[in-house]
Amino acid sequence: MKDFKFKINGKDYATSVVEQENGTLQVTVNGTAYEVEMPEAAAPKAVSSPAVVAAPAAAPVAGGSQTVQAPLPGTITQVVVSAGQKVKKGDVLVVMEAMKMANDITAECDGTVASVSCSVGQSVNQGDALVVINAEGAPAAAPAPAPKAAPAPAPAAKPAAGASVISSPLPGTITSINVKVGQAVKAGDTVLVLEAMKMANDITAECDGTVKAILVQQGAQVQSDEALIELA
């Protein structure tokens, strides 16, 4: 199990990630557990993957060193700090896009950046080292809450043959449906809003088309990869 802390839009999140034997991830955010099914192409790989080589930990100082790791597979979209820079607990170090969400990766202690092991545009795997901080008397992290049993996923709706399907990137709740059947949409248009892990996520069309069917209702609970909208 790996424990992480995030600050997203000014809110603190305590997160633990556990890889299950069936290939899914159990992600617990502030005590609420989610079962996340990862596409095969984005499935977590060993840390020794040649795509990212973790930098060796810096020599410990008064408070030791802290290695900030990627909580999930994703892509680095912004590196905010550089080696030698002073940081405070909660400062944003790196911004990572994972499951179509921008996540602020923050420092868990005061200290000095010893090394930065990632760059903008780089794809990283779960557990890859991103930043090493020489801590200044950092306290031990509080233990993560015990994971709760995740509900069994509901069977996904079956799309019509030949239709282009917009699917849910992760479990969540439909908070808004922005289109209706027969409406023409363009690639990038927001078709609905999904709330997941206390964040509102715009789900967009990946191609031009016409809404053929809406397979969910506002307020519905959906699972990862569940079909949401069909485009003709």
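Residues numbered from 1 in each chain as written. Predicted model: local features only at pLDDT ≥ 70, side-chain atom pairs only at ≥ 80, totals over all residues. Heavy atoms only, no water.

Description of the overall build of the protein chain
Then step 1. The helix and strand tally for the protein chain stands at zero helices and 20 strands.
Then step 2. Relative to its 232 residues, the protein chain shows a buried fraction of 43%.
Then step 3. A fraction of 60% describes how many contacts in the protein chain between residues 6 or more apart in sequence connect residues 24 or more apart. (Helix = DSSP H or I, 4+ residues; strand = E, 2+ residues; numbered from the N terminus. Buried < 20%, exposed > 50% of the residue type's maximum accessible area, 1.4 Å probe, protein only. Contact = heavy atoms within 4.5 Å.)

Details of the nonpolar core
Then step 1. If you look at the biggest cluster of nonpolar residues, it comprises 29 residues, and the most contacted ones within it are V191, L192, L228 and I229.
Then step 2. Elements with a minimum of two residues in this core: β2 (11–19), β3 (25–29), β4 (32–36), β16 (190–196), β17 (199–204) and β20 (227–231).
Then step 3. Take this core: its biggest share by element is four residues, from β16.
Then step 4. In this view, L192 contacts I174, S176, I177, N178, N201, D202, I203, V216, L228 and I229; residues no more than four positions away in its chain are not counted.
Then step 5. Residues V68, I105, V113 and L130 belong to the second largest nonpolar core, which totals 19 residues. (Core = buried A, V, L, I, M, F, W, Y, C linked by side-chain atoms within 4.5 Å.)

Structural notes on the sheet that holds strand β15 (residues 184–185)
Then step 1. Across the sheet, which stays open at both edges, the four strands sit in the order β13-β20-β18-β15 with antiparallel pairing between neighbours. With partners counted over all chains shown, the strands left at the sheet margins are β13 (164–167) and β15, one partner each. (Pairing = 2+ DSSP bridges.)

Looking at the environment of K100
Then step 1. Within the fold, K100 resides in the loop between β8 (92–98) and β9 (101–106).
Then step 2. For K100, a relative accessible area of 49% gives the class partly exposed.
Then step 3. A sequence separation of 103 residues divides K100 from I203, and the C-alpha atoms of the two residues are 8.5 Å apart.
Then step 4. In this structure K100 touches P169 and E206, once residues within four positions along its chain are discounted.

Structural notes on the environment of V27
Then step 1. Residue placement: V27 occurs in strand β3.
Then step 2. You can call V27 buried: its relative accessible area is 2%.
Then step 3. Here the alpha-carbon distance between V27 and D3, two residues 24 residues apart in the chain, equals 9.8 Å.

What about the side chain of N201?
Then step 1. Summarising the element assignment, N201 is placed in strand β17.
Then step 2. If near-sequence neighbours (up to four positions away) are discounted, N201 is found in contact with M101, L192, V193, L194, E195 and A196.

Considering the sheet that holds strand β5 (residues 65–69)
Then step 1. The strand order β5-β12-β10-β7 describes an open sheet built from four strands, whose pairing is antiparallel. Strand pairing shows two members of the sheet lacking a second neighbour, β5 and β7 (86–87), which therefore form its edges.
Then step 2. In the sheet, β7 pairs with strand β10 (residues 111–116) via two bridges, with the strands oriented antiparallel. Bridged to V87 within β10 is G111.

As for the confidence of the model for the protein chain
Then step 1. On average, residues of the protein chain score 77 in pLDDT, and 73% of them reach the 70 mark or higher.
Then step 2. Counted against residues more than four places away or in other chains, residues 40–62, with its pLDDT under 50, gives 36 contacts.
Then step 3. When the criterion is pLDDT under 50, residues 138–144 qualifies, and its contacts beyond four places in sequence or with other chains add up to six contacts. (pLDDT = per-residue confidence, 0-100.)

A word on the environment of S224
Then step 1. As for its placement among the helices and strands, S224 is situated in the loop between β19 (221–222) and β20.
Then step 2. Along the backbone, S224 and S167 are 57 residues apart, and their C-alpha atoms lie at a distance of 7.8 Å.
Then step 3. Dropping the residues within four chain positions of it, S224 is found in contact with E37, S168, P169, L170 and P171.

Re the pairing of strand β14 (residues 172–177)
Then step 1. Sheet topology note: the β14/β19 ladder contains two bridges and is antiparallel. Following the sheet pairing, T173 is matched in β19 by Q221.
Then step 2. As paired strands, β14 and β16 are joined by four bridges and run antiparallel to one another. Pairing of S176 across the sheet is with V193, part of β16.

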